[in-house]
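Results of the structural survey
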Amino acid sequence: MGDVSYDTIIRNGRWFDGTGAPSAVRTIGIRDGHIATVAEDDLDETDCPQVIDAAGKWVLPGLLDIHTHYDVEVLGGPALAESLRHGVTTVMLGSCSLSTIYVDPVDAGDIFGRVEAIPRHHVIDAVDRHKTWSNGEEYIEALEARPLGPNVAAFIGHSDMRAATMGLDRATRKDQRPTKFEQAQMEQMLTEALRAGFVGMSSMQLLFDKLDGEVCRSRTLPSTYAKARELRRLKSLLRRSGRVLQSGPDIENPLNIGSQLFQSLGIVRNPLKTSLLSAADVKSNPFAVKLLGPMARLVNRLGGNFRWQHLPVPFEVYADGIDLVIFEEFGSGAAALHLKDELERNALLRDEDYRRRFRKEYEAKFGMRVWHRDFFDAHIVACPDASVIGKSFGEVGRDRGGLHPVDAFLDLVLEHGTALRWRTTISNHRPEVLKKLAADTAIQMGFSDAGAHLRNMAFYNMGLRLLRHVQDAARSGRPFMTVEQAVHRLTGELADWYRIDAGHLRVGDRADVVIIDPERLDATLDEYAEEPVEQYGGLSRMVNRNDDTVAAVFVGGRAVFLDGQPTSLVGTERTGRFLRAAHRAPAPATSAARKDALAHVG
């Protein structure tokens with residue numbers, strides 16, 4: 001048998017190159033992990049070990065997820081199959097000032113546990129068991145020694161650096177500042193990370209994310225305590241290198257939001273590439289969304305380089321009892337979550353003074369907030385008392401003799417604890433507004449939070465849901481963007497802005513490929529599903545399941561999902577790699593090695 005011309009041929013699919021250029025029916029030849037040919041005619045399939053007929057399907061670059069919290073999961077479960085199965089071939093770690101480059105296991109547990117709703121003891125165990133690195137370069141080597149499923153890019157977290165240099169206690173005190181030596185340490189950490197190829201630094205000013213643990217419990221993240229001078233020196237390193245600052249503003253402080261926007265301006269210095277959380281059509285303030293795009297476009301016209309991050313689907317969240325991050329944003333809610341002991345918490349929830357405070361804060365209508373605070377718009381989906389399932393807490397209150405919705409909610413939490421499961425949609429509930437946001441040039445598709453809030457939400461398939469929205473609008477005769485534009489927004493546009501080698505499907509590009517059946521971009525994308533996480537003791541997490549939609553997924557030219565099922569490579573061999581910013585990714589193994597691997601693809 002002679003040399004194999006191609007490792008894989010994908011024939012007669014509607015090919016999108018990720019640039020927004022017109023799509024066309026083409027046949028693609030993959031060799032040595034790259035796109036070798038994009039042909040109008042058939043390719044010679046002789047001795048090709050894998051041929052896929054993609055007639056009637058879309059062939060896209062693998063999708064990017066620019067906002068995940070896989071930092072803990074990637075250590076013990078590097079396949080990250082929940083993203084792969086939906087065509088996501090590149091994920092970004094280190095969001096919201098959180099990363100595991102420098103913090104010790106206990107501090108990592110305190111920082112990640114409550115903020116990202118990952119059980120603290122699992123965070124501590126994962127970091128303690130797997131951490132072998134002491135800087136960014138060693139972290140990259142450690143990731144690439146694992147059987148990574150998707151490609152990985154990363155921010156370094158400011159809270160990570162701050163806690164490691166100052167100690168978590170000092171790093172979360174208002175009266176403490178880093179010493180000159182500690183400041184220099186953080187600058188050196190960031191310099192080394194940027195040199196290693198991290199896309200930038202993430203920071204945080206949002207004040208309702210709270211720490212777990214004992215010593216610093218209920219303080220906000222270390223990054224929120226930094227003053228302007230500390231951040232300015234770190235940002236100057238980002239400006240000089242052309243890398244990205246990801247941040248979340250203090251939404252209760254309009255001046256902070258404004259300063260975050262305008263920090264992107266260069267004027268007498270380089271612009272600061274800034275990606276800010278987040279553009280959303282929040283129910284609590286339906287008018288705020290009208291300001292986000294114009295503000296960002298003004299900054300960019302003046303010479304800035306600013307983008308909002310945006311989840312392009314309704315932001316539906318679930319909760320078990322009172323365990324949900326939205327309660328952190330007001331005092332009585334945070335007070336309940338502060339108490340880990342169930343007996344203490346229940347005593348608080350029974351207290352009439354506490355309930356009076358909760359009702360007052362629930363009814364307050366002014367000020368910026370995330371949750372719209374309407375228990376008539378929060379519906380029970382599971383409960384030992386079957387009579388309340390399907391009802392809102394407001395309706396339960398009416399049924400119970402006109403109880404205030406807050407009292408109905410707290411009574412049910414006391415009666416059933418975490419066996420009470422309910423849901424509400426916080427934002428992105430108006431399809432017409434979603435269309436405008438999806439087309440806004442100052443907005444990036446992202447913010448899935450994959451790997452976090454395991455019992456609260458699942459947006460692993462957000463890219464597929466955007467494509468469905470685009471296709472449905474076109475079929476109804478009211479298109480708001482082309483499929484080519486939507487694919488570009490989910491792939492090439494993001495890769496180019498973050499300067500990573502991904503998001504395109506042209507000759508010479510890496511063969512990160514997803515094949516989608518457009519006829520199955522349907523209601524299955526919205527269905528509820530759960531799946532246990534082995535490395536978190538079998539904890540059941542929310543996931544998405546629409547296996548008929550994605551026909552195949554390739555990372556680096558190797559099939560990781562076929563017909564909705566993982567191949568034998570997933571979790572056993574590394575298919576992804578760490579994508580270093582501003583670097584061309586090296587070619588993977590040789591064609592002969594690839595042929596051997598394909599021989600046992602499941």
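Calculation criteria
Residues numbered from 1 in each chain as written. Predicted model: local features only at pLDDT ≥ 70, side-chain atom pairs only at ≥ 80, totals over all residues. Heavy atoms only, no water. Buried < 20%, exposed > 50% of the residue type's maximum accessible area, 1.4 Å probe, protein only. Helix = DSSP H or I, 4+ residues; strand = E, 2+ residues; numbered from the N terminus. Pairing = 2+ DSSP bridges. Domains from an automatic or database assignment. Core = buried A, V, L, I, M, F, W, Y, C linked by side-chain atoms within 4.5 Å. Contact = heavy atoms within 4.5 Å. 1 Å grid on protein atoms, 1.4 Å probe; cavity = no way out; pocket = protein on both sides within 12 Å on 5 of 7 lines; lining within 4 Å. Points joined across faces, edges and corners; volume = space filled by probe spheres on them. Nonpolar A, V, L, I, M, F, W, Y, C, P; charged D, E, K, R; others polar. Axes fitted to C-alpha atoms, helices over the stretch in contact; angles between N-to-C directions. Parallel < 35°, antiparallel > 145°, perpendicular 65-115°, else oblique. Disulfide = S-S within 2.5 Å. Patch = residues over 30% accessible without salt bridge, like charges linked within 9 Å, V, L, I, M, F, W, Y side chains within 5 Å. Areas by Shrake-Rupley, 256 points an atom, 1.4 Å probe, with all protein chains shown as cover. Salt bridge = Lys/Arg side-chain N within 4 Å of Asp/Glu carboxyl O. UniProt positions renumbered as here; feature names shortened; annotations may be inferred. Lys, Arg positive; Asp, Glu negative; His and termini not counted. Charge placed at Lys NZ, Arg CZ, Asp CG, Glu CD.

**Details of the pairing of strand β20 (residues 550-555)**
Most of β20 sits out of view: six of its six residues are buried. Here four bridges tie strand β17 (residues 513-516) to β20, and the two strands are oriented antiparallel to one another. Paired with V514 across the strands is V553, a residue of β20. Pairing analysis gives four bridges linking β20 to strand β21 (residues 558-562), with the strands arranged antiparallel. Its bridge partner lying in β21, F554 is registered against A559. Turn length for the β20-β21 hairpin, with the two strands adjacent in sequence and antiparallel, is two residues, and the turn residue G556 shows positive phi of about 55°.

**Description of the domain arrangement of the chain**
Looking at the assigned domains, one finds that the chain contains domain 1 (8-60 + 518-600) and domain 2 (321-422). Computed from C-alpha coordinates alone, the two centres of domain 1 and domain 2 are separated by 44 Å.

**Brief notes about the nonpolar core**
Counting residues in hydrophobic clusters, the biggest one holds 142 residues, and the most contacted among them are F198, W308, F327 and F375. When residues of this core are assigned to domains, at least three map to each of domain 1 (8-60 + 518-600) and domain 2 (321-422). Beyond its immediate chain neighbours, meaning those up to four positions away, F375 contacts F327, F358, Y362, S392, F393, G394, P405, V406 and F409. Within the second largest apolar cluster, 17 residues are counted, among which are L505, A511, I515 and A559.

**Here we look at unusual backbone geometry**
Cis geometry is found at the peptide bond from L277 to S278, where omega equals -15°. The topology assignment puts S278 in the loop between β11 (273-277) and α11 (289-301). Located in the positive-phi region is D32, a residue other than glycine, with phi close to 55°. Among the secondary structure elements, D32 is positioned in the loop between β2 (24-31) and β3 (34-39). Positive phi values are uncommon outside glycine, yet R373 reaches one of about 55°.

**Describing empty space enclosed by the protein**
Counting across every chain of the model gives three cavities of 30 Å³ or more. Counted as a void, the largest cavity has a volume near 60 Å³. Here the residues of the lining of the largest cavity sort into two nonpolar, five polar and four charged. Taken as a whole, the second largest cavity spans an internal volume of roughly 50 Å³. Taken together, L63, L64, D65, V88, F459, Y460, M462, G463 and L490 form the lining of the second largest cavity. Broken down by element, the residue count for the lining of the second largest cavity peaks at three residues, all from strand β6 (residues 63-65).

**Some words on the packing of helix α13 (residues 342-350) against helix α14 (residues 352-363)**
Where α13 meets α14, the axes come as close as 5 Å, and the angle between the chain directions of the two elements is 70°. Comparing their axes, α14 and α13 come out roughly perpendicular. Contact residues: α13 offers L348, L349 and R350, while α14 offers E352, Y354 and R355.

**Observations concerning the state of the cysteines**
Counted by the stated rule, this structure contains zero disulfides. With no disulfide partner, C216 has as its closest neighbouring cysteine sulfur the one in C96, 19 Å distant. On the basis of relative accessibility, which here comes to 2%, the residue C216 falls in the buried class.

**Brief notes about a nonpolar patch on the surface**
Together, F262, L298 and L302 make up an exposed nonpolar region whose accessible area comes to about 270 Å². Within the element layout of this structure, F262 appears in helix α10 (residues 254-262).

**Quick word on the UniProt feature "domain: Amidohydrolase" (unreviewed entry) in the chain**
The UniProt feature table records "domain: Amidohydrolase" (unreviewed entry) at residues 50-231. Between the end C-alpha atoms of residues 50-231 there is a gap of 51 Å, over a span that is 38% helix and 14% strand.

**Observations regarding the sheet that holds strand β13 (residues 315-320)**
The strand order β13-β15-β14 describes an open sheet built from three strands, whose pairing is antiparallel. Looking along the sheet, the strands with just one partner apiece sit at the ends: β13 and β14 (379-382). For this sheet, the mean inter-axis angle between neighbouring strands, taken without regard to orientation, is 35°. Judged from the six bridges that link them, β13 and strand β15 (residues 421-427) form a sheet pairing that is antiparallel. The partner of Y318 across the bridge, within β15, is R423.

**Thoughts on a positive patch on the surface**
A cluster of like positive charges, contributed by K180, R229, R232 and R269, occupies part of the molecular surface. Residue position: K180 is located in helix α8 (residues 180-196).

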